[in-house]
Amino acid sequence: MNLLPEGTSVWVPAILILVGIVGIVVPVVPGLLVAVLGVLLWATETGGSTAWTVFGLCVAIYLAGMVVQFLVPGRRLRSQGVTTSTLLLAVLLGIVGMFVIPVVGFVIGFVGGIFLVEQGRSRDRAQAWTRTKNAVVAVMTSMGIELCAGVLITVTWVVGVLAT
């Protein structure tokens, strides 16, 4: 099946994978998913057992990364007393902030949202700030886990390209 013009069966998936990796750091697109879709496009274009095995490995890495991404930071947040509802409200304020203050608005809205919710819950500024810092560390850890999975997907794909 030829979905791409001739001569682009490696470059277009490579660009998709690169966009996916950038999407992990700049959360505009679902980074890992776009990277896996790039590998799927390559496997479809290349065909053969090696390409589909590489795609299967990339899907396994994706799934493992998603599971670890939600388990590790989530456990840390629960142990620190930060609730899921706090994070959801912080994400909503982050989205609002993204439109109010371009480029850095999401971060400011997210951090400010956690602080405001925790301040309202505990009425203790020091405890709210501690929980805010813990939530930011957990989010950074989550991004780091996702980035590691993205790099593993990229390396697996490159090995697959060299093997075919």
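Higher on the page you've got the structure.
Residues numbered from 1 in each chain as written. Predicted model: local features only at pLDDT ≥ 70, side-chain atom pairs only at ≥ 80, totals over all residues. Heavy atoms only, no water.

A look at the nonpolar core
With 18 residues, the main nonpolar core has I17, L32, V39, W42 and I153 as its most contacted residues. When residues of this core are traced back to their parent elements, those giving at least two are α1 (11–25), α2 (31–46), α3 (49–80) and α6 (125–163). Aside from chain neighbours lying at most four places away, what touches V39 is I17, V54, F55, C58, I153 and W157. (Core = buried A, V, L, I, M, F, W, Y, C linked by side-chain atoms within 4.5 Å. Buried < 20%, exposed > 50% of the residue type's maximum accessible area, 1.4 Å probe, protein only. Helix = DSSP H or I, 4+ residues; strand = E, 2+ residues; numbered from the N terminus. Contact = heavy atoms within 4.5 Å.)

Quick look at the packing of helix α5 (residues 105–122) against α6
Relative orientation of the contacting elements α5 and α6 amounts to 140°, with a least axis distance of 8 Å. It follows from the interaxial angle that α5 and α6 lie oblique. The two elements α5 and α6 meet at a crossing, and its hand is right-handed. Packed against α5, whose contacting residues are F110, V111, I114, F115, E118, Q119, R121 and S122, the element α6 presents R125, Q127, A128, W129, R131, T132, A135, V136 and V139 at the interface. (Axes fitted to C-alpha atoms, helices over the stretch in contact; angles between N-to-C directions. Parallel < 35°, antiparallel > 145°, perpendicular 65-115°, else oblique. Left-handed = near helix turned anticlockwise from the far one by under 90°.)

A closer look at the pattern of salt bridges
According to the stated counting rule, one finds two salt bridges in the structure shown. A salt bridge links R121 to E118; its shortest N-O distance comes to 3.0 Å. Note that R121 and E118 are positioned in helix α5 at a spacing of three residues, about one turn of the helix. The residue E118 makes a salt bridge to R131 at a minimum N-O spacing of 2.9 Å. Of the two residues, E118 is situated in helix α5 and R131 in helix α6; the sequence distance between them amounts to 13 residues. By relative accessible area, which is 0% here, E118 ends up buried. (Salt bridge = Lys/Arg side-chain N within 4 Å of Asp/Glu carboxyl O.)

Remarks on the packing of aromatic side chains
Scanning the entire structure with this criterion turns up three aromatic pairs. Seen in terms of ring centroids, W52 and F55 are 5.8 Å apart; in terms of plane orientation they differ by 90°. Their pairing is edge-to-face. Remark: F55 and W52 occur in helix α3; sequence separation between them is three residues, near one turn of the helix. On the basis of relative accessible area, F55 is assigned to the buried category, the value being 17%. With a centroid separation of 6.1 Å and 70° between ring planes, the pair formed by F115 and W129 is classed as edge-to-face. (Phe/Tyr/Trp six-rings, centres within 6.5 Å; stacked < 30°, edge-to-face > 60°.)

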